[in-house]
Amino acid sequence: MGTALVYHEDMTVARLLWDYPECEIECPERLTATLKRLQQRGLEQRCLRLEAREASEAELGLVHSSEYVAVVRGTQALGTGELQALSGQYDSVYFHPSTFHCARLAAGAALQLVDAVLTGAAHNGLALVRPPGHHSQRTAANGFCVFNNVAIAAEHAKQKHGLHRILIVDWDVHHGQGIQYIFEDDPSVLYFSWHRYEHGRFWPFLRESDADEVGRGRGHGFTVNLPWNQFDPELVLVSAGFDSAIGDPEGHMRATPECFAHLTQLLQVLAGGRVCAVLEGGYHLESLAESVCMMVQALLGDPAPPLSGTMVPCESALESIQRVRAAQAPYWTSLQHQDVGPVLSPSACSPEGRPLLPGGPAYMEAAAAEAAEAAVALSSLLDRLRLQPLPPVRTAVALTSVDAALVLPSGVLHQEGSAPREETEAWARPHEALAQDGALTALGKVLNLVDRILDGQVSSGITATPALATAATLDVAIRRGLHLGAQRLLCVAVGQLERPPDLSDDGRILWLNIGGQEAAALSMFHVSVPLPQVTGGLLSCVLGLVLPLAYGFQPDLVLVALGPAHGLQDTHGALLALMLRGPVGGRVLALVQESKPQLVGALARALHGEAALSLGPCSMASPEDMQALKHLRRQLEPKWRMLQVAVTSPGSLKSAEGEVFAPQS
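Residues numbered from 1 in each chain as written. Predicted model: local features only at pLDDT ≥ 70, side-chain atom pairs only at ≥ 80, totals over all residues. Heavy atoms only, no water.

1. Considering the overall build of the protein
If you tally the helices and strands in the protein, you get 19 helices and 17 strands. Sorting the 665 residues of the protein into buried and exposed places 62% on the buried side. When the accessible surface of the protein is summed, it comes to about 23,900 Å², and 52% of that surface belongs to carbon and sulfur atoms. (Helix = DSSP H or I, 4+ residues; strand = E, 2+ residues; numbered from the N terminus. Buried < 20%, exposed > 50% of the residue type's maximum accessible area, 1.4 Å probe, protein only. Areas by Shrake-Rupley, 256 points an atom, 1.4 Å probe, with all protein chains shown as cover.)

Below you can see the structure in the form of structure tokens.
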């Protein structure tokens, strides 16, 4: 299995035939420029390429009325004037004689992708399509959208494949009201839309785009509007719009392309990694192409580049998140126990100005400024990617002996190298626990792997050491990393592992102990939390503490040590390592005890980008775990601003909430 890419060149045929400035940005070049960039990066060649088919009229009828389908079918025989007149009956739509064919291909591509993933032919994938679909309604085209590709795919997955729980994540900058209307009374589809609202002043100017719109009837609580799993989805569909990307003339936002790789990675821990993305918006060709490349790299399992800039949430994002929590709390028990402040009213924030109308001098001036800013940001990103290419080895395992029960994914390198003996002995000298031959041999492999990760030859690694030597080996690995020039090291020590007393507390090392006796922030860079007793508690800890601290710290290397009595199930250890790939660009070194082949295998699959984790039933975090987490957050929030965004106590990844990174507007 791999990543599917579904496309058909006929989707580039439809184009605007008359002067209509509002719609001219939805052009064929959106697909051709993106596909060309995928080819230039070698990403298309790594995917399973599928040629899109047309959706049948019966398949379109899963969400659209037969009368509406007949109207669109009829456009094939209309002249330009008639097409213009018909287009004028809808909001921000244009028709072309090839629209019916193109739109059927777009819907068919989404269906093919879902079939490939649910039958096991592919693990995940992207349908590269136009026209987009998420604004389209049962009986109407809307906002460049003709047929609702993702909604059709969701109904198809339910009816053909028997799915009962589908999560739709819509990160297009515009609210996908079409999907919301179609599923607002359907509890089998959880629709999560992350869009620009601005208190109703941003298109589509709908009151029902606000956070307090939660669904209707049996679907109450299954519409989540953010201006994520008690649910436990069997499939994740992404309405992948990129008009929030920097430079986009529609969104006027500043999300850089690598943001979309991070969002994709967060979704891949759900539904066993079965993620199907379908292109929606995105109208700055360079920004669109780069953003799609970043998402496809994440789907392929490549580590995401670290996010650049200061990790500080904007006030409007915090307001939106608080309002969503308040609106959804009656429907999700995991949200009813969160320690959140009062919901901010719109007047308490600084709302955006009314969007400028296209064509005016102020609009043109603002557009030129945004285009210039986008050019600089994209040039900087490309420079960083050229200077820091993906390492030739994604994952390496360095063990002193190989257990017959160890099963590694294809492509994981079993590293034979070791640091020179004399050098290893010199690093080991301060520690009696490293005097034994077995511990010394393991340390040599650790040192070699740290070297290879920091010099860009290996992205992530796993190594093992005797149980009694774990703490000493970790101490040496930290010092080796600093010696080699790492500016910031995040050490996540799980189990009975104390922070070395002579490590400096100067901001270069963030020590996070999961498994301490009590919740304590001994300093800004020394944090201890008891090991949660259930899966829900662990996920609360990861989402509500570990990830916000990691993103805020922006480390050069993450060391994950699973020490004596760490208490984690293999899948939980793998989840922790997997989630920590994002903040550090994949540079994670996991240190485990010897004779743990199942744990090493699980870690290797996670770090190699094979995110098909099965966490099993997830219960709520215990009151003790929740209280410990709240206590730490209150202590740390003044220094670590990302904790203001984090979820305080999600029941698990199987609930309607999750970590949200909102681009600043």
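Once you've had a look at it, read on.
2. So, the sheet that holds strand β11 (residues 458-465)
Ordered in space as β10-β9-β11-β17-β16-β12-β13-β15-β14, the 9 strands form an open sheet in which the pairing is mixed. Edge positions in the sheet fall to β10 (413-414) and β14 (520-523), since each has one partner strand and no second. The sheet contact formed by strand β16 (residues 557-562) and strand β17 (residues 588-593) spans 4 bridges and is parallel. Bridge pairing in β17 links V558 to V588. With respect to the sheet, helix α15 (residues 470-483) is in contact with β11, β12 (489-494), β13 (509-514), β16 and β17, its orientation differing from that of β12 by roughly 170°. The strands that helix α17 (residues 570-580) touches are β12, β16 and β17; relative to β12, the one it contacts most, it runs at about 170°. (Pairing = 2+ DSSP bridges. Contact = heavy atoms within 4.5 Å. Axes fitted to C-alpha atoms, helices over the stretch in contact; angles between N-to-C directions.)

3. So, the side chain of S98
Position of S98 among the secondary structure elements: in the loop between α5 (80-87) and α6 (99-118). Sequence-distant contacts of S98, defined by excluding residues within four places in its chain, comprise V13 and A14.

4. Digging into the side chain of N148
Mapped onto the fold, N148 is located in the loop between β3 (124-127) and α7 (149-161). Separated by 2.8 Å, the side chain of N148 and the backbone oxygen of S136 make a polar contact. Contacts of N148, omitting those with residues within four sequence positions, involve H64, G133, H134, S136, G178, I179 and I182. (Polar contact = N/O pair within 3.5 Å; in protein donor to acceptor, adjacent residues only side chain to side chain.)

5. Notes on the pairing of β14
For β14 and strand β15 (residues 526-529), the ladder comprises 3 bridges, and the chain directions are antiparallel. Note that in β15 the partner of A521 across the bridge is V527. Between β14 and β15, which pair antiparallel one after the other, the connecting turn spans 2 residues.

6. Regarding the environment of D10
The residue D10 is located in the loop between β1 (3-7) and α1 (29-40) in this model. A residue is classified by how much of its surface remains accessible, and D10, at 25% relative accessible area, is partly exposed. In this structure the C-alpha to C-alpha distance between D10 and P28, which are 18 residues apart in sequence, comes to 9.7 Å. Residues contacting D10, with those up to four places away along its chain left out, are H101, C102 and L105. Side chain to side chain, D10 and H101 meet in a polar contact 2.9 Å long.

7. Quick notes on the environment of C47
Along the chain, C47 turns up in the loop between α2 (43-46) and β2 (48-51). Placed 42 residues apart in sequence, C47 and L5 show a C-alpha to C-alpha distance of 6.0 Å. Setting aside chain neighbours within four positions, we find C47 in contact with T3, L5, V296 and L300.

8. What to know about unusual backbone geometry
The peptide bond linking R130 to P131 adopts the cis configuration, its omega dihedral lying at 0°. Tracing the chain through its elements places P131 in the loop between β3 and α7. For S92, which is not a glycine, the phi torsion comes out positive at approximately 55°. Here S92 shows up in the loop between α5 and α6. For Q554, which is not a glycine, the phi torsion comes out positive at approximately 55°.

9. Side note on the packing of aromatic side chains
The full count for this structure, using the stated rule, is 10 aromatic pairs. Measuring from ring centre to ring centre gives 5.5 Å for F144 and Y283, while their planes differ by 75°; the resulting arrangement is edge-to-face. One exposure class covers both F144 and Y283, and it is buried. Ring centres of F553 and W640 lie 6.2 Å apart, and the angle between their planes is 65°; on these two criteria the pair is classed as edge-to-face. Of this pair, F553 sits in helix α16 (residues 535-553) while W640 is found in the segment after α19 (623-636), placing the two residues 87 residues apart along the sequence. Among the residues examined, W640 registers a relative accessible area of 6% and is labelled buried. Members of the aromatic cluster, connected to one another through ring pairs, are Y68, F100 and F147. (Phe/Tyr/Trp six-rings, centres within 6.5 Å; stacked < 30°, edge-to-face > 60°.)

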